Amino acid sequence: MIVKKLELENFRNYKSLDLDLDPKKNVLYGNNAQGKTNILESIYICSTTKSHRSNKDVELIRFGEREAHIKLFIEKKEKEVRVDVHLRKNKTKGIAVNGVPIKRASELFGIFNVIFFAPEDLNIIKNGPAERRRFMDLELCQLDKIYVHNLINYNKVLNQRNRLLKEISFNPSAEETLDVWDEQLVLYGKEIIKKREEFIKQISKIIKPIHEDLTNKEESIKIDYHKNTEVKDFEKNLKRNRSVDLRNKSTSVGPHRDDILFFNKDINIRTYGSQGQKRTIALSLKLAEIELVKKIINDTPVLLLDDVLSELDSERQNHLLERLDNIQTIVTCTGLDEFVENSINIDRVFKVDNAKVAENVIS
């Protein structure tokens, strides 16, 4: 799977852009705030429907304009695929695949797979559980359309249940309808838990040799899916905690409270690990994510690296760059030093300066 071409119109700071990409390594370099990350963001949107930086479409539209367009031309298993995203102020985004509009944005998941790696991802271990749930959900949504369906419905039911819990404090008779929402919450929640269990089992097998390689076999990683509730106990625990939920006006049981724990020889890395250990696990996790996607879709995803090399020491840079040979990679950075120092071949180089992108030839 590769991105062949990207076209932008009034997206972020770009009035227009027409960019042809190489099937292998592409580097976008230039000073900060010139538009490098905006290019990666537009590609990411064509895979996940959402920006990794903003929840508001209006923020993606160039200042002073009313709408923006993204066109992405993909080659997938020798077939051409075109994704069009139309962003409009005060309206939902429009998405089309090969010129055919899709009814729901979630239908885009799985058509085009990307792995996005940014400096903030290096903090996935030390940040809160929401970051690690997001990691699971984003990957599973790209790989499993049924998971997308269950997650969307679970979140809708969860929001409705939480609103009802607040309403009951003013209208006690409304508690009679709580059983209906509990039934739906358990129905969708059980399926989410099952898929997350399977995902963690799969990625655990893949990450172990990767992490041993990164640490010269000095560390052995173990990933524990820390479930808020077991599948078989979900309904029972939800009923048992109802009085707590009514008091706190929020739902205390379910996969929206799950977490992932990382251990090195039974030592909890989030609690006791060094900053270096946490970053190494984050890198291992991202590399394992690439391999898992390749295995499941029987194709290679596109790797987007947003200025992440500057956050890694030379050894971790080498481990990452050595794994880029068989996957299309689009990298942003402020300079080319990392590639020159590590003797990494670059197939196409672009200089980004104030939303102007020019291809450079380096010797």
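Computed from a predicted structure; not experimentally measured.

## With respect to the overall build of the chain
A tally of helices and strands in the chain yields 10 helices and 15 strands. For 363 residues, the compact-globule estimate of 2.2 N^0.38 gives 21 Å, and the chain sits close to it at 22 Å. Its C-alpha atoms give the chain principal-axis dimensions of about 75 × 55 × 35 Å. In the chain, buried positions account for 53% of the 363 residues. A fraction of 71% describes how many contacts in the chain between residues 6 or more apart in sequence connect residues 24 or more apart. Element-wise, carbon and sulfur atoms account for 46% of the exposed surface of the chain, whose accessible area totals about 17,900 Å².

## A short note on helix α2 (residues 129–143)
The end-to-end C-alpha separation of α2 is 22 Å, in line with the 21 Å expected for 15 residues at 1.5 Å each. Listed as buried for α2 are Arg132, Arg133, Phe135, Met136, Asp137, Glu139, Leu140, Cys141 and Gln142.

## Some remarks on the sheet that holds strand β1 (residues 2–11)
Think of a sheet as strands paired side by side through backbone hydrogen bonds, with each pair either parallel or antiparallel. With antiparallel pairing, 6 strands are arranged side by side in an open sheet as β2-β1-β4-β5-β6-β7. Sheet topology places β2 (14–20) and β7 (100–101) at the edges, where each strand pairs with a single neighbour. Sheet analysis places strand β6 (residues 94–97) next to β7, joined by 2 bridges and oriented antiparallel. Of the residues in β7, the one forming a bridge with valine 97 is valine 100. Packed onto the sheet, helix α1 (residues 36–48) meets β1, β2, β4 (67–76) and β5 (79–88) and runs at close to 110° relative to β1.

## Describing the pattern of salt bridges
A complete count under the given rule lists 30 salt bridges for this structure. Ionic pairing is found between lysine 93 and aspartate 57, a salt bridge with its closest N-O pair at 3.3 Å. Placement of lysine 93 in the loop between β5 and β6 and of aspartate 57 in the loop between α1 and β4 is noted, with a sequence separation of 36 residues between them. A salt bridge links glutamate 191 to lysine 194, with the shortest nitrogen-to-oxygen separation between them at 3.4 Å. Of this pair, glutamate 191 and lysine 194 both sit in helix α4 (residues 178–214), 3 residues apart, roughly one helical turn. Here lysine 194 falls in the partly exposed class, since its relative accessible area comes to 40%. Each of Arg161, Asp179, Asp182, Arg242 and Asp245 takes part in a single network of salt bridges with overlapping partners.

## Observations concerning the packing of α2 against α4
It is the contact of α2 with α4, at a shortest axis distance of 11 Å, that shows an interaxial angle of 90°. Of the possible angle classes, the one that applies to α2 and α4 is roughly perpendicular. Packed against α2, whose contacting residues are Arg133, Phe135, Met136, Asp137, Glu139 and Leu140, the element α4 presents Lys195, Arg196, Phe199, Ile200 and Ile203 at the interface. Of the residues assigned to the contact of α2 with α4, the class counts are 6 nonpolar, no polar and 5 charged.

## Section: the sheet that holds strand β10 (residues 259–264)
If you walk across this open sheet you meet the 3 strands as β9-β10-β11, and the pairing is antiparallel. The two strands at the open ends of the sheet, each matched to only one other strand, are β9 (221–226) and β11 (267–268). Note: β10 against β11, 2 bridges, orientation antiparallel. Note on β11: the bridge partner recorded for phenylalanine 263 is asparagine 268. On the sheet, α2 packs against β9 and β10 and is oriented at approximately 100° with respect to β10.

The rules behind each value
- Here the residue numbers are simple positions, counted from 1 along each chain's written sequence.
- Thresholds applied to this predicted model are a pLDDT of at least 70 for local features of residues and 80 or more for the giving and counting of side-chain atom pairs; totals over whole chains, interfaces and linings are not thresholded and use all residues.
- With hydrogens and water set aside, each side-chain value is computed from the structure's full complement of heavy atoms.
- Each helix corresponds to a stretch of at least 4 residues labelled H or I by DSSP, and each strand to a stretch of at least 2 residues labelled E; elements are numbered beginning at the N terminus.
- The size measure is the radius of gyration over C-alpha atoms, and the globule rule it meets is 2.2 Å times the number of residues to the 0.38 power.
- Here's how the labels work: a residue is buried when its accessible area is under 20% of the maximum for its type, exposed when over 50%, partly exposed in between, all with a 1.4 Å probe on protein chains only.
- A contact between two residues is defined here by any heavy atoms of the two lying within 4.5 Å.
- Using the Shrake-Rupley algorithm and a 1.4 Å probe, accessible areas are obtained, with residue cover drawn only from the displayed protein chains.
- Expected helix span is computed as 1.5 Å times (number of residues minus one).
- Strands qualify as paired when DSSP identifies two bridges or more between them.
- Every axis corresponds to a line fitted to the C-alpha atoms, with the helix fit spanning only the stretch in contact, and the corresponding angles, defined between N-to-C directions, vary from 0 to 180 degrees.
- Within this document, salt bridges are pairs made up of a side-chain nitrogen of Lys or Arg and a carboxyl oxygen of Asp or Glu, the two lying within 4 Å of each other.
- Should an angle fall under 35 degrees it is taken as roughly parallel, and over 145 as roughly antiparallel, whereas 65 to 115 is taken as roughly perpendicular and any remaining angle as oblique.
- Under this grouping Gly is polar, as are all residues other than the nonpolar Ala, Val, Leu, Ile, Met, Phe, Trp, Tyr, Cys and Pro and the charged Asp, Glu, Lys and Arg.

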